[in-house]
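Results of the structural survey
Take a look at the letters that make up each chain.
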Amino acid sequence: MRPVTEREIRTSFVNCSKGEAKRLGLPKDFADLPWDDLDYLGWRDPGAPERAYLVAEHDGRLTGIALRRASGASRGFTARSMCSLCLTTRTGGAVSLMTARRTGEAGRQGNSVGQYLCDDLDCSLYVRDKKHSVAAGEYEEALTLDEKIARMRTNLDAFLDKITR
């Protein structure tokens, strides 16, 4: 992902108001992000743990979406879940159902889209083996790194399409 500015991030949001985008908290480590290793920028709101944000290039432009983490009972450490973007298997509630309000009339009517995502939204780093899941190591994929990245981008684009169309 190319490095983006705070202003670009705040103006990229498509499913929240300009006021909400202006007030959202950026990642604490924003100045030190590993842009070369990111396919999208994702982070949890430090001031509101149930909120998260994702910004990615989509259809030729920077697109930001506001997400809500579904509340519910925490799963046990041995329970495993898989992220629908990077297909990383995680334990202990490290994958959460996150919902995003759809854009346009559908969003105004309250329609949303849900997806199981890595709770820390660091899919790009898991795909590149920069971060490791506790549940990892049980199987090894035959895909190359480029193929894994392409698969994750395809999954991300499909999720963003559901929100924006």
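One numbering rule holds for all chains: residues counted from 1, following each sequence as written. Note on the predicted model: pLDDT of at least 70 is required for a residue's local features to be given, and 80 or more for side-chain atom pairs to be given and counted; whole-chain, interface and lining totals, by contrast, use all residues. The basis for every side-chain value is the complete set of non-hydrogen atoms in the structure, without hydrogens or water.

A word on the pattern of salt bridges. A carboxyl oxygen of Asp or Glu within 4 Å of a side-chain nitrogen of Lys or Arg is what we treat as a salt bridge. In this structure the tally under the stated criterion is 19 salt bridges. Between Glu-57 and Arg-2 there is a salt bridge, and its shortest N-O distance comes to 3.4 Å. You can see Glu-57 sitting in strand β2 (residues 51-58) and its partner Arg-2 sitting in the segment before α1 (6-11), a full 55 residues away along the chain. A residue is classified by how much of its surface remains accessible, and Glu-57, at 30% relative accessible area, is partly exposed. Each residue is assigned to one of three classes by its accessible area relative to the maximum for its type, calculated with a 1.4 Å probe on protein chains only: buried under 20%, partly exposed between the two thresholds, exposed over 50%. Of the residues examined, Arg-2 reaches a relative accessible area of 39% and is grouped as partly exposed. Through salt bridges with shared partners, one network takes in Asp-45, Glu-50, Arg-51 and Arg-68. Each helix corresponds to a stretch of at least 4 residues labelled H or I by DSSP, and each strand to a stretch of at least 2 residues labelled E; elements are numbered beginning at the N terminus.

Another point: the packing of aromatic side chains. Within 6.5 Å between ring centres, the rings of Phe, Tyr and Trp (the latter by its six-membered ring) count as paired, and their orientation is classed by plane angle as stacked under 30 degrees, edge-to-face over 60, tilted in between. Counting across every chain of the model gives three aromatic pairs. On the numbers, 5.8 Å between centres and 90° between planes, the contact of Phe-13 with Tyr-53 is edge-to-face. Of this pair, Phe-13 sits in the loop between α1 and α2 (18-23) while Tyr-53 is found in strand β2, placing the two residues 40 residues apart along the sequence. Taken as a pair, Phe-13 and Tyr-53 share a single burial class, namely buried. Where Trp-43 meets Tyr-53, the ring centres are 5.4 Å apart and the plane angle is 40°; that geometry is what we call tilted. Here Trp-43, found in strand β1 (residues 41-44), pairs with Tyr-53, found in strand β2; they are 10 residues apart in sequence, far enough to count as distant. Side by side, Trp-43 and Tyr-53 carry an identical accessibility label, which is buried. Following the ring pairs from residue to residue traces out a cluster consisting of Phe-13, Trp-43 and Tyr-53.

Leaving glycine out, the prevailing phi sign among residues is negative, and the prevailing peptide bond configuration is trans. Of note in this structure, Leu-87 is not a glycine but carries a positive phi near 60°. Along the polypeptide, Leu-87 turns up in the loop between β4 (80-82) and β5 (89-91). In this structure Leu-87 comes out as partly exposed when scored by relative accessible area, which is 26%. One non-glycine residue, Leu-121, lies in the positive phi region at around 55°. Checked against the element boundaries, Leu-121 lands in the loop between β7 (112-118) and α4 (123-127).

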